[in-house]
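# Chain and residue survey
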Amino acid sequence: MAITKEQWAEIEKHLAGLFSSVIFKYGEFEITVTRGRVSESKTSLVVYVDDVIKGAWFIEDKERPSCIPDVWRKRTRAKYTAKSIKDAEKIWGKRRAKKEMPELYEKNEYHVCDFSTAKSLVRQYKKIENLELIKIGGKSFDDYIKVSPWTQ
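This report concerns the structure included in the present document. Remember, predicted model here, so these are calculated numbers, not experimental data. (Residues numbered from 1 in each chain as written. Predicted model: local features only at pLDDT ≥ 70, side-chain atom pairs only at ≥ 80, totals over all residues. Heavy atoms only, no water.)

Inspection of the entire model under this criterion finds five aromatic pairs. With a centroid separation of 6.2 Å and 55° between ring planes, the pair formed by Trp57 and Trp72 is classed as tilted. Here Trp57, found in the loop between β3 (43-49) and α2 (68-71), pairs with Trp72, found in the loop between α2 and β4 (73-78); they are 15 residues apart in sequence, far enough to count as distant. Trp72 gets classed as buried once you look at its relative accessible area, which sits at 0%. Where Phe115 meets Tyr125, the ring centres are 6.1 Å apart and the plane angle is 85°; that geometry is what we call edge-to-face. Residue Phe115 is located in strand β6 (residues 114-115), and its partner Tyr125 is located in helix α5 (residues 118-125); the two are separated by ten residues in the primary sequence. In this pair, the class of Phe115 matches that of Tyr125, namely buried. Pairwise contacts between aromatic rings join Trp8, Phe24, Phe115 and Tyr125 into one cluster. (Phe/Tyr/Trp six-rings, centres within 6.5 Å; stacked < 30°, edge-to-face > 60°. Helix = DSSP H or I, 4+ residues; strand = E, 2+ residues; numbered from the N terminus. Buried < 20%, exposed > 50% of the residue type's maximum accessible area, 1.4 Å probe, protein only.)

Given below as structure tokens:
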């Protein structure tokens, strides 16, 4: 069942909140999106595949689930800094710099498990075919307070 426009709006609104989680089904995988802390004062939306994030998934790996390129955020980074490129072009000129260093203008692509905004996550997830919405929201903050040992 396809996710409707109204559901996407509700998902985006919910994920923009402080205590948020959404669970999707993508093929054989369960994709859980929750808000997590990146630093002391910064949070982001973290994407778990079957409730797990493994460090080996950040690099191309045989054990890496096939859904990672679709559900994680793609990032790119230049192999050489702008200063290094400029220096090489100054020494050799543009044409010879390309000849001497063929990878001078190439970029590395990799995937990360976090999204900075709910809007960017929803924009990417809308493009995924066969994505099913299972649940909006998990435990609320009040549920965590009730089981906290400090409140008893």
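On we go.
Phe24, Ile31, Val71 and Tyr125 are the most contacted members of the largest nonpolar core, which totals 27 residues. Only α1 (5-15), β1 (21-26), β2 (29-37), β3, α2 and α5 provide two or more residues apiece to this core. Filtering out sequence-adjacent residues up to four positions away, Val71 remains in contact with Tyr26, Ile31, Val47, Val49, Phe115, Gln124, Tyr125 and Ile128. Ile85, Ala88, Ala97 and Leu104 belong to the second largest nonpolar core, which has five residues in total. (Core = buried A, V, L, I, M, F, W, Y, C linked by side-chain atoms within 4.5 Å. Contact = heavy atoms within 4.5 Å.)

Before going further, it helps to examine the sheet that holds strand β7 (residues 131-136). Spatially, β6-β3-β2-β1-β7 is the arrangement adopted by the five strands of the open sheet, whose pairing is antiparallel. Two strands lie at the open edges of the sheet, namely β6 and β7, each paired on one side alone. Taken together, the seven bridges between β2 and β3 define a ladder with antiparallel strand orientation. Within the sheet, the bridge partner assigned to Thr32 lies in β3 and is Tyr48. Against the sheet, α1 touches β1, β2, β3 and β7, its axis set at about 135° to β1. (Pairing = 2+ DSSP bridges. Axes fitted to C-alpha atoms, helices over the stretch in contact; angles between N-to-C directions.)

To characterise two packed helices, one gives the angle between the axes of the helices and the distance between these axes. Interhelical geometry of α1 versus α5 gives an angle of 150° and a closest axis separation of 9 Å. Note that α1 runs across α5; the crossing there is right-handed. From α1, Trp8, Ile11, Glu12 and Leu15 reach across to α5, where they touch Ala118, Lys119, Leu121, Val122 and Tyr125. The residue makeup of the contact of α1 with α5, split by class, is seven nonpolar, no polar and two charged. (Left-handed = near helix turned anticlockwise from the far one by under 90°. Nonpolar A, V, L, I, M, F, W, Y, C, P; charged D, E, K, R; others polar.)

Quick look at the pattern of salt bridges now. Inspection of every chain in the model, using the stated rule, returns six salt bridges. Here Lys119 and Glu12 are joined by a salt bridge, their closest N and O atoms 3.8 Å apart. With a gap of 107 residues between them, Lys119 in helix α5 and Glu12 in helix α1 connect regions that are remote in the sequence. On the accessibility criterion, Glu12 (26% relative accessible area) is partly exposed. Notably, a salt bridge pairs Arg73 with Asp114, separated by 3.7 Å at the nearest N-O pair. Here the residue Arg73 occupies a position in strand β4, and Asp114 occupies one in strand β6, the gap between them amounting to 41 residues. Asp114 gets classed as partly exposed once you look at its relative accessible area, which sits at 22%. (Salt bridge = Lys/Arg side-chain N within 4 Å of Asp/Glu carboxyl O.)

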